[in-house]
Amino acid sequence: DITEHRQSEARSKIRRDLALKLSGRIDMDTALKHCLDAAIEISGFDTGKIYLLDEKSGDLKAACHYGASAYTTEHYLLLKADSADALHIKKGRPNYVSAAEFTPPFDQKLKTEGFTFDAMIPVVYQGTVTACLGVLSHTQDNMPLAVRDSLEAIAADIGIIIDRLSSRQALLNL
């Protein structure tokens, strides 16, 4: 199928461009923004966020976000360690759900905001959840497997870049 081939080439180009952006000296905020931009572009979704795990509290804190309403920004910048959202993410398994599949306590929150699809991809590095990539849509109600694979690859990239930049910062602090 020519359309799928073109879409595959576009996803590959976005991932290549992301790798090039992440390959040089870069700070954490800029690196995460590039990763989120690539995820939004690959998915075609209109909202996204990257949470980082606070190792001390266990909370997940939004490090960057895109396209979020004031309500979403206010209520989802911090996922407390014991919240249903955080506990699900910490299981380390991606979660892809359409509006018809939203379950409590998420269903009313997501539907109130008009979301039709939610994808939450934990960032697992060396067997530990360190962050989470999330993309949401107000217009699409599914996500092709090839797009899911690409987002999971970006999540792996996020784990590597977090480790690299954290290690570099630790060395600078010596």
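Quick summary incoming for the structure in this document. Note that the coordinates shown come from a computational prediction; the quantities given were computed from them, not determined experimentally.

Rules behind the numbers
- Residues numbered from 1 in each chain as written.
- Predicted model: local features only at pLDDT ≥ 70, side-chain atom pairs only at ≥ 80, totals over all residues.
- Heavy atoms only, no water.
- Helix = DSSP H or I, 4+ residues; strand = E, 2+ residues; numbered from the N terminus.
- Expected span 1.5 Å × (residues − 1).
- Buried < 20%, exposed > 50% of the residue type's maximum accessible area, 1.4 Å probe, protein only.
- Polar contact = N/O pair within 3.5 Å; in protein donor to acceptor, adjacent residues only side chain to side chain.
- Axes fitted to C-alpha atoms, helices over the stretch in contact; angles between N-to-C directions.
- Parallel < 35°, antiparallel > 145°, perpendicular 65-115°, else oblique.
- Contact = heavy atoms within 4.5 Å.
- Nonpolar A, V, L, I, M, F, W, Y, C, P; charged D, E, K, R; others polar.
- Salt bridge = Lys/Arg side-chain N within 4 Å of Asp/Glu carboxyl O.

## Section: helix α2 (residues 28-43)
The terminal C-alpha atoms of α2 lie 22 Å apart, and with 16 residues this matches the ideal 22 Å at 1.5 Å per residue to within 8%. All buried positions along α2 are accounted for by A31, L32, C35, L36, A38, A39, I40, I42 and S43. Capping of α2 at its N-terminal end is provided by D27; its side-chain oxygen lies 3.1 Å from the backbone amide nitrogen of D29. At the exit of α2 stands G44, carrying a positive phi of roughly 75°.

## Quick look at the packing of α2 against helix α6 (residues 145-172)
Axis separation between α2 and α6 bottoms out at 10 Å; the angle between their running directions is 175°. Taken together, the axes of α2 and α6 are roughly antiparallel relative to one another. Note on element contacts: α6 touches α2 through V147, S150, L151, I154, I158, I161, I162, L165 and S166, opposite M28, A31, L32, C35, A38, A39, I42 and S43. Residues of the contact of α2 with α6, tallied by class, amount to 14 nonpolar, 3 polar and no charged.

## Comments concerning the pattern of salt bridges
Where charged atoms from two side chains of opposite charge come close, those side chains can pair. For the structure on display, the rule yields 7 salt bridges. Between E4 and R11 there is a salt bridge whose closest N-O contact spans 2.9 Å. K13 is paired through a salt bridge with D17; the nearest N and O atoms lie 3.0 Å apart. Remark: D17 and K13 occur in helix α1 (residues 2-22); sequence separation between them is 4 residues, near one turn of the helix.

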